[in-house]
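# Breakdown of the fold
Read off the chains here:
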Amino acid sequence: QLQASGGGLVQDGGSLRLSCAASGGIFSDYPMGWFRQAPGKEREFVAHISWTGGSTLYSDSVRGRFTITRDNAKSTLYLQMNSLKPEDTAAYYCAARVGTISPTEARGYDYWGQGTQVTVSS
């Protein structure tokens, strides 16, 4: 299971740190990702990290503002979000990627957390 937390209401330009706690042995062996979904929109790729943490990938919209990290000893994934903008408002989901489909595609992830809401006010 994956449990995301850390969402909330923040002003334009503010910061938040999301966490995703994993249990059931599905964390340390798998690459992980963060996606987000705003009302009326499709789920969108945000960031991806390899199982070692040595390789990361970001969407163009968040690169330079967001940082994905992981602590395998704690089975926890993080997303540090800085310089938040109103367009970052969405439900954020963590997910574990099992197969070889591109890390930017949601269909490549087999395990999903329940989502945590991030709202950025202008």
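Please refer to the structure higher up on the page.
In this text the structure is predicted, and so the values were computed from the model without any measurement.

Below, the discussion takes up the state of the cysteines. Summed over the entire model, instances satisfying the criterion amount to one disulfide. Each sulfur of the disulfide joining Cys20 and Cys94 lies 2.1 Å from the other. Judged by the torsion about the S-S bond (65 degrees), the Cys20/Cys94 disulfide is right-handed. Of the two residues, Cys20 sits in strand S3 (residues 16-22) while Cys94 sits in strand S9 (residues 90-97), which places them 74 residues apart along the sequence. Considered together, Cys20 and Cys94 belong to a single accessibility category, that of buried residues.

This paragraph deals with the packing of aromatic side chains. Summed over all chains, the structure comprises five aromatic pairs. The interplanar angle of 80 degrees and the centroid separation of 5.0 Å between the aromatic rings of Phe35 and Tyr109 together place this pair among those described as edge-to-face. Of this pair, Phe35 sits in strand S4 (residues 32-37) while Tyr109 is found in strand S10 (residues 109-112), placing the two residues 74 residues apart along the sequence. Like Tyr109, Phe35 is buried. Taken together, the aromatic side chains of Phe35, Phe45, Tyr109 and Trp112 make up a single cluster linked through ring pairs. Directly above the ring of Tyr78 sits Arg17, whose terminal nitrogen or CZ lies 4.0 Å from the centroid. Between the NZ or CZ atom of Arg43 and the centre of the ring of Trp112, over which it lies, the distance is 4.7 Å.

Let us look at the pattern of salt bridges. According to the stated counting rule, one finds five salt bridges in the structure shown. Here Asp88 makes a salt bridge to Arg65, at a shortest N to O gap of 2.7 Å. Pair noted here: Asp88 is in the loop between strand S8 (76-81) and S9 and Arg65 is in the loop between strand S6 (56-58) and strand S7 (66-71), with a separation of 23 residues, a long-range link. Arg65 carries the same exposure label as Asp88, and that label is buried. Connected via shared salt-bridge partners are Arg36, Glu44, Arg65 and Asp88.

Ordered by their spatial adjacency, four strands build an open sheet running S1-S3-S8-S7, and the pairing between neighbours is antiparallel. Pairing within the sheet leaves two strands with one partner each, and these edge strands are strand S1 (2-5) and S7. Averaged over all adjacent pairs, the angle separating strand axes in this sheet is 15 degrees, with direction ignored. As judged from the six bridges shared by S7 and S8, these two strands associate in the antiparallel manner. The residue of S8 that forms the bridge with Arg70 is Leu77.

Our focus in this paragraph is unusual backbone geometry. The backbone phi angle of Ser75 is positive, close to 50 degrees, even though this residue is not glycine. A positive phi angle is found at Ser83, which is not glycine, with a value near 50 degrees. Considering the arrangement of structural elements, one finds Ser83 in the loop between S8 and S9. The class of Ser83 is partly exposed, set by a relative accessible area of 42%.

Here is what the cut-offs are and how they apply
- Residues numbered from 1 in each chain as written.
- Predicted model: local features only at pLDDT ≥ 70, side-chain atom pairs only at ≥ 80, totals over all residues.
- Heavy atoms only, no water.
- Disulfide = S-S within 2.5 Å.
- Helix = DSSP H or I, 4+ residues; strand = E, 2+ residues; numbered from the N terminus.
- Buried < 20%, exposed > 50% of the residue type's maximum accessible area, 1.4 Å probe, protein only.
- Phe/Tyr/Trp six-rings, centres within 6.5 Å; stacked < 30°, edge-to-face > 60°.
- Lys NZ or Arg CZ within 6 Å of the ring centre and 35° of its normal.
- Salt bridge = Lys/Arg side-chain N within 4 Å of Asp/Glu carboxyl O.
- Pairing = 2+ DSSP bridges.
- Axes fitted to C-alpha atoms, helices over the stretch in contact; angles between N-to-C directions.

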